[in-house]
Amino acid sequence: MPKQAALVDKDKSLREMLSTNQWGTYFGISQKLLEQTWSKLTAPDGNSVVYISMEIAADRDVYHPIRDRLQRLNITGSTDPRLDGFVKKFLLGPEKIPNYGGGLGVLAGDTLKSMADCKIPAVAISLLYRKGYFTQMVDSKIGQISWSGNWEPGNTPSIYLLHQPGNPDLPLEIEVPFCDMENRESYAYARVWLKMEVNSRLDSFVPHLLLDYSCPSSPEAIRLAAQNLYDSSSEMVKITQRRMLGAGVLPALRALGITSHTMHLNEQHGVAVLLTQIADRLEEKFGPDYGTRASDPDILAAAAEVADRIVYTIHTPVKAGHDRFAKELHRMVGHAFCQRILHLLAQDSDNHADFNFTSLAMRVNRATNSVSRLHKEVTQQQFPQFADKITAITNGVHHLTWISPAKAEAYDSFKELHNWREDPSVFKNGLGLKDNNRFCAFFEKAWQQDNHILIDYVNRMLVKHRNQMHETWIDPPNLLSHLSEPGSALKPGVFTIGFARRFSTYKRADLIFEDIDELLRPILAHDWPVNFIFAGKAHPQDEPGKALIKMVIDCQGELLEKSRGLAKLVFIPNYDMAIAKIMVAGVHAWLNSPKRPLEASGTSGMKAAMNGVPNISIMDGWWAEGYHNGATGWKFGHEEIIDSQALQEDREGLLYKEDSTSFYKIFPEILEAFYVPEKHPDFLERAIMNLPLNCTIFNTHRMVAEYAQRYQLQLSTAQVNRLEKLRENYRSDPDYRG
Ligand SMILES: *Cc1c(COP(=O)(O)O)cnc(C)c1O
């Protein structure tokens, strides 16, 4: 094609990716799709769902369908300046959106992506944090150092500041009722950013609204509370953030005309949305002085009506995960009438001076979900009064985000897995792959590539840290940065174990280093080298969590010396989705060592499984379902029945001795399976069996198909059939009668 014609053609493709409505102009989706989606979300039947979450993670460097489309079409610019601006932004714009702290946010992002893929009518709401979550640096002597700077959402592809209808110069602002310190009614204001979670075919998207309270019209205290995700500098800031999320939902939906009947609370953080709805209903019934006219039974009746709209997912049995606030404090952010509702519905059974937001969420909903089978049992024990309505939907991960390019290519080459991108349930057809020599060879080659990418990343990082040492006062966190040749500190092909997640005491990141001599015994006995690659952030106010990071990096010297250089431990600072993606694909085994049953689900191990990487894990969370009697990896640690003792989080209750000893028992067998040629087929088989046994189940397509049942949406027959197919291989909760 002549050059000029090709350009015209490309401009045509680009124009088809442009759309506009009264609030803004967007890139990546067609006008038709925008209108279709919006008309569903604003239809009077309310046949859609609002997904409410404190954090939603969807960095562009791990999944970016619009950029991929541009690259496939070989488009790098346009003669139309507006289109050219979008193209440049989507090709070159910053990829990170630092609005997540860990697994909860990543799950939320993966959920929205699968909802977009499966065309489930949904809209999401979260907060926009101007500084986001912190950036982690690690110094060998100090440990974690946290730092946060502003990020610029306006520069980030797929995020748009909505403007007032028909007035591009004025941002849309919503008004959200609060209280001031004197208990007088006050208001906060939030601008609304729209982020689009677009599917890979660009023929479906889920809008995600980010409420930005840092606008000039908001009171200063609110603006300050809108800076950092999970700011816990004071209880007041914490409770303010919760209210910003929950009380902002209805004003945001109203401003955009969204009618969704069902609301999904991803964890209890946004539970204040219930208070507003209950008050709204009473106001409808009793008029403006409902506060004095409504009786307690009226309030309870209104709550029962509201409950019919709510689906709630509880994510953890760990105490720190549940919001309890002093009654006194709540007075400062909620109106007197909210207090009355809370008195009726949010009493904390342990402490009468507190309100308990988890209790409130538990009480007012139509379906309560735990995030794995085992977590269901634990939750039922923790909340016996609600045991009957607690069901399980085991978490998943978005397979298109987490499968590495090399593995994807291997999966693409085998007809057994045909159509795996669209329909991950086809992985069930991969039972024979372990005996298919051609597949085994493809798979191992892809794994080697992924391992190279990881090792290369680590080696370059070691060099970078060493160079930075001369420019900043940060002492490199890894001893290996001090080698004369840090650029080849780690060698590909060496058995590499990965561990990365938030550093929280119950996750016991340091468990396997409890007795270093025991850990090294099989390594020394056979001269088998091992790399341990660790990463993860601790919340800046979590001192014990930060101490764990220090403890882990402090093990490096002893490991190196006692193993005569065979055991190398590296810590990668500033864990994020991109690091997760290269780690879960590039290691040879993924380690998870939480105290059972405190890890409600865990999802990083599922990401490894998606890449055919076996897990070595405590029988907790999803692994109790994904272990398949050893077909997909290894288990260790105690498996006693769950009682109240099991929920202890103090150091003595964390069973370090017992569970580390159990790890040292299985470790030699794992090394043998990797290093001894006759045993290696066994290792490979466990790896590959993750495809039919775990990829089929632990994907968010299956998960949202199960949630769609709880949402009670009216869907077309074709869609009902598609969702049925996605979940037909697995029922998270055999007791659930939908
Ligand atoms: C997947 C992921 C997590 C969650 O890991 P868990 O094993 O579930 O704790 C946390 N952080 C990031 C960046 C992730 O990608």
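Provided above is the structure to which this section pertains.
Model, not experiment: these values are computed from the prediction. (Residues numbered from 1 in each chain as written. Predicted model: local features only at pLDDT ≥ 70, side-chain atom pairs only at ≥ 80, totals over all residues. Heavy atoms only, no water.)

Q: Sorry if this is basic, but what is going on with the overall build of the chain here?
A: Helix and strand content of the chain: 28 helices and 24 strands. The C-alpha radius of gyration computed for the chain amounts to 26 Å, which stays within 12% of the reference 27 Å derived for 738 residues, consistent with globular compactness. The 738 residues of the chain split such that 62% are buried. The long-range share in the chain, meaning contacts at least 24 apart out of those at least 6 apart in sequence, stands at 75%. Of the accessible surface of the chain, which amounts to about 27900 Å², a share of 52% is contributed by carbon and sulfur atoms. Across the chain, the 81 positively charged side chains and the 89 negatively charged ones have centroids separated by 4 Å. (Helix = DSSP H or I, 4+ residues; strand = E, 2+ residues; numbered from the N terminus. Rg over C-alpha atoms; globule rule 2.2 N^0.38 Å. Buried < 20%, exposed > 50% of the residue type's maximum accessible area, 1.4 Å probe, protein only. Contact = heavy atoms within 4.5 Å. Areas by Shrake-Rupley, 256 points an atom, 1.4 Å probe, with all protein chains shown as cover. Lys, Arg positive; Asp, Glu negative; His and termini not counted. Charge placed at Lys NZ, Arg CZ, Asp CG, Glu CD.)

Q: For this particular structure, what's the right way to read the side chain of Asn478?
A: Mapped onto the fold, Asn478 is located in the loop between helix H17 (437-469) and strand S19 (495-500). Among all residues touching Asn478, those that are not within four sequence positions of it are Met461, Leu462, His465, Gln556, Leu569, Val570 and Phe571.

Q: Would you explain the sheet that holds strand S21 (residues 567-572) in this entry?
A: Sheets are built from strands that pair by backbone hydrogen bonding, the pairs being arranged parallel or antiparallel. Read from one edge of the open sheet, 6 strands run S21-S20-S19-S22-S23-S24, paired in parallel fashion. The sheet is open, and its two borders are formed by S21 and strand S24 (633-636), each paired with just one other strand. Averaged over all adjacent pairs, the angle separating strand axes in this sheet is 20°, with direction ignored. Sheet analysis places strand S20 (residues 530-535) next to S21, joined by 6 bridges and oriented parallel. Bridging across to S21, Val530 finds its partner in Ala567. Set on the sheet, H17 makes contact with S19, S20 and S21; between it and S21 the angle comes to about 75°. Sitting on the sheet, helix H24 (residues 656-675) is in contact with S19, S20, strand S22 (589-592), strand S23 (615-618) and S24, with an inclination near 160° to S24. (Pairing = 2+ DSSP bridges. Axes fitted to C-alpha atoms, helices over the stretch in contact; angles between N-to-C directions.)

Q: I'm lost on the site of the ligand in this one. Help?
A: Neighbouring the ligand are 14 residues, the closest being Arg501, Lys507, Thr603, Ser604 and Lys607. Within the contact set of the ligand, an oxygen atom lies 2.8 Å away from a side-chain nitrogen or oxygen of Lys507. Lys607 is positioned with one of its side-chain polar atoms (N or O) 2.6 Å from an oxygen atom of the ligand. A total of 390 Å² of accessible area belongs to the ligand in isolation, and the protein chains cover 95% of it. Of all the elements in the fold, those that place two or more residues in the shell around the ligand are helix H5 (103-117), helix H21 (577-586) and helix H22 (604-610). (Near = heavy atom within 4 Å. Polar contact = N/O pair within 3.5 Å; in protein donor to acceptor, adjacent residues only side chain to side chain.)

Q: Sorry if this is basic, but what is going on with the pairing of strand S13 (residues 262-266) here?
A: Regular strands have side chains that alternate between both faces of the sheet. For S13, a buried count of 5 out of 5 residues is recorded, marking the element as mostly surrounded by other parts of the structure. Because side chains alternate across S13, one face comprises the buried residues Thr262, His264 and Asn266, and the other comprises Met263 and Leu265, equally buried. For strand S3 (residues 49-53) and S13, the ladder comprises 5 bridges, and the chain directions are parallel. Bridge pairing links Ser53 to Asn266 in S13. As paired elements, S13 and strand S14 (residues 310-313) share 4 bridges and run parallel to each other. Across the sheet, residue Leu265 finds its bridge partner in S14, namely Tyr312.

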